[in-house]
Amino acid sequence: MFTVGQELTQDNAMQVIAAGKAAILAGETEFDFSGLSRLDSSAVAAMIEWQRQLLTKSQQITCLQVPAGLESLIRLYGLSEQFATHASVQTPERH
């Protein structure tokens, strides 16, 4: 399981996306968002990129412990059906 970390914003999105891609190359499909306490729309962009990587392997991303704020952004962008999310947690600070 890949743990996203505490922050996923435009300030660190490229590094987090790269780390997620490395996890996918190592065979990972589950992403744990439980520690995410600060996010912006870059989190959705990261999820899209990870999902794109997994689709090349005919796999789907599984998103665990997705914060309510991220769930809200996913719905806002009309991507609810694209991502399997499980067990939302408290809303983190958004920017």
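Look above for the structure.
Here's a quick rundown of the structure. Because the structure is a prediction, the values reported are computed rather than measured.

Calculation rules
- Residues numbered from 1 in each chain as written.
- Predicted model: local features only at pLDDT ≥ 70, side-chain atom pairs only at ≥ 80, totals over all residues.
- Heavy atoms only, no water.
- Helix = DSSP H or I, 4+ residues; strand = E, 2+ residues; numbered from the N terminus.
- Buried < 20%, exposed > 50% of the residue type's maximum accessible area, 1.4 Å probe, protein only.
- Contact = heavy atoms within 4.5 Å.
- Polar contact = N/O pair within 3.5 Å; in protein donor to acceptor, adjacent residues only side chain to side chain.
- Phe/Tyr/Trp six-rings, centres within 6.5 Å; stacked < 30°, edge-to-face > 60°.
- Core = buried A, V, L, I, M, F, W, Y, C linked by side-chain atoms within 4.5 Å.

1. Things to note about the environment of Gln-60
With respect to the helices and strands, Gln-60 occurs in the loop between helix H2 (42–55) and strand S5 (62–64). Overall, the relative accessible area of 44% leaves Gln-60 in the partly exposed class. Each C-alpha atom of the pair Gln-60 and Gln-82 lies 9.0 Å from the other, and the pair is 22 residues apart in sequence. Setting aside its immediate chain neighbours within four residues, Gln-60 contacts Thr-29, Gln-51, Leu-54, Leu-55 and Gln-82. A polar atom in the side chain of Gln-60 sits 2.7 Å from the side chain of Gln-51.

2. Regarding the packing of aromatic side chains
Aromatic rings considered in pairs are described by the distance between their centres and by the relative angle of their planes. Throughout the structure, instances matching the rule amount to 4 aromatic pairs. Between Phe-2 and Trp-50 the ring centres are 5.9 Å apart and the planes differ by 70°, which places this aromatic pair in the edge-to-face class. Here Trp-50 lies in helix H2 and Phe-2 lies in strand S1 (residues 2–3), a separation of 48 residues in the sequence. Like Trp-50, Phe-2 is buried.

3. A few points about the nonpolar core
Grouped together as the largest cluster of nonpolar side chains are 26 residues, with contacts concentrated most on Val-4, Leu-8, Phe-33, Trp-50 and Leu-70. When residues of this core are traced back to their parent elements, those giving at least two are helix H1 (13–25), H2 and helix H3 (68–76). Counting residues per element, this core draws most heavily on H2, at 6 residues. Other than its neighbours up to four places away in sequence, Val-4 contacts Val-16, Asp-32, Phe-33, Leu-36 and Trp-50.

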